[in-house]
Amino acid sequence: MPLHLHDCIPILSPNHISLTSAQSYSTQNMATGGNKYRSYLSPEELKTTQWRAGPPDYAIVDKLFEEGRTNVWPAGSLEEYVQNLVKTWEMELVHKANPDEFKTLDAQKFVLGINGKKFFSLEETGKIGGSYNVFLQTSLPPKLRFYDPDEETYDSSQTAFKQVFPRGFALEVVQVYSGPPVIAYKYRHWGYMEGSYKDLPPTGELIEIFGMAIFELNEESKVVKVEFFHDRGELLAGLIKGKPSHESEGVVTTPSGCPFMA
């Protein structure tokens, strides 16, 4: 039976949910050192992990996050746990080259779905190009696609959006509706278009999107299923503001799929 958002809205406030997993994760994060919002980035892990393109550096996007976030969640809270889990999961999915080194998810059982449509295994996610290409999936005809995930690779998509958002595309958890093992939360992504996208000049304007997500964890607190619900048009509309109306027609007004985090 498919999982719907309303199935995950609890009667009790998140404050009434056991924080055992959150406290365990926070302790683990402190023990490994490194980044304060993501686990498994200690100096030793940065050296020994197999990375796609070298170890990630989150200093710039974390500064953007701290300057622009709307909430500072208390240490040990459910919200902090979810936010750190999502950021760590994203780090592994985007930057780690060897699935055997993934610690937040079960590489054999993991699936990722967008807007209630097809689910992708970890292997399929890699073949698509991961990250932006998965979250910008669309059913639009190719001729109407301002961004076509079928034509982009992992490298080309990463290069394009790093150019668009030189300071990154920050993520924050806005609200948590239920805690583990089925986590439902609202999130916000934002960045500033301070770089060009293809032939479109930078606008310097804020590009911001909101969405909902569901993370299912197994008995080992590893992620086995993820669903994202959001509108990819909120990202693409910001990129094509300077595009002539006759060129963008049908793209801004017909959004589908969705974008991702930096």
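Relevant structure appears above.
Everything quoted here is computed from the prediction, not taken from an experiment. Residue positions are given per chain, counted from 1 along the sequence in the order it is written. Under the rules for a predicted model, residues below a pLDDT of 70 receive no local features and side-chain atom pairs below 80 are neither given nor counted, while totals for whole chains, interfaces and linings still include all residues. No hydrogens and no water enter the side-chain calculation; it runs on all heavy atoms of the structure.

### Description of helix α7 (residues 154-164)
Every α-helical turn comprises 3.6 residues, leaving residues that sit three or four positions apart pointing alike. Only protein chains enter the calculation, and the probe is 1.4 Å; a residue is then buried if its accessible area is under 20% of its type maximum, exposed if over 50%, and partly exposed in between. Runs of E in the DSSP output that reach at least two residues are strands. Runs of H or I that reach at least four are helices, and both are numbered from the N terminus. Within α7, the full set of buried residues consists of Tyr154, Ser157, Gln158, Ala160, Phe161 and Val164. All buried residues of α7 lie within an arc of 165° about the axis, which places them on one face of the element. Exposed positions of α7 whose direction lies more than 90 degrees from the buried face are Asp155, Thr159 and Lys162. In what follows, a contact means two residues having at least one pair of non-hydrogen atoms within 4.5 Å. Residues of α7 that are buried in the fold lie against α4 (78-95), α6 (131-135), β4 (182-192) and α8 (233-239). When we speak of the arc, we mean the arc of directions from the helix axis to the C-beta atoms.

### Looking at the nonpolar core
For our purposes a nonpolar core is just a set of buried Ala, Val, Leu, Ile, Met, Phe, Trp, Tyr and Cys residues, chained together by side-chain atoms within 4.5 Å. The biggest cluster of nonpolar side chains holds 29 residues, and the ones touching the most others in it are Val82, Trp89, Phe110, Tyr185, Phe215 and Phe228. Put simply, the parts of the chain that give this core at least two residues each are α4, β1 (111-114), α5 (122-128), α6, β3 (170-178), β4, β5 (206-217) and β6 (223-229). At 7 residues, the largest contribution of residues to this core is made by α4. Not counting residues within four places of it along the chain, the set of residues in contact with phenylalanine 110 comprises Trp89, Leu93, Leu105, Phe120, Ser121, Leu122, Val223, Val224, Lys225 and Val226. Within the second largest apolar cluster, 18 residues are counted, among which are Tyr132, Phe161, Val164 and Leu235.

### Some details on the pattern of salt bridges
By definition, a salt bridge exists where a carboxyl oxygen of Asp or Glu is found within 4 Å of a side-chain nitrogen of Lys or Arg. Taken as a whole and assessed by the stated rule, the structure comprises 14 salt bridges. Ionic pairing is found between lysine 36 and glutamate 66, a salt bridge with its closest N-O pair at 2.9 Å. Placement of the pair is lysine 36 in the loop between α1 (20-32) and α2 (43-48) and glutamate 66 in helix α3 (residues 59-68), with a sequence separation of 30 residues. Of the charged contacts in the structure, one is a salt bridge between glutamate 67 and lysine 63, with a shortest N-O distance of 2.5 Å. With glutamate 67 and lysine 63 both in helix α3 and 4 residues apart, this pair spans about one turn of that helix. Exposure remark for glutamate 67: the relative accessible area of 53% places this residue in the exposed category. Residues joined in a network through salt bridges with shared partners are Arg145, Asp148 and Asp150.

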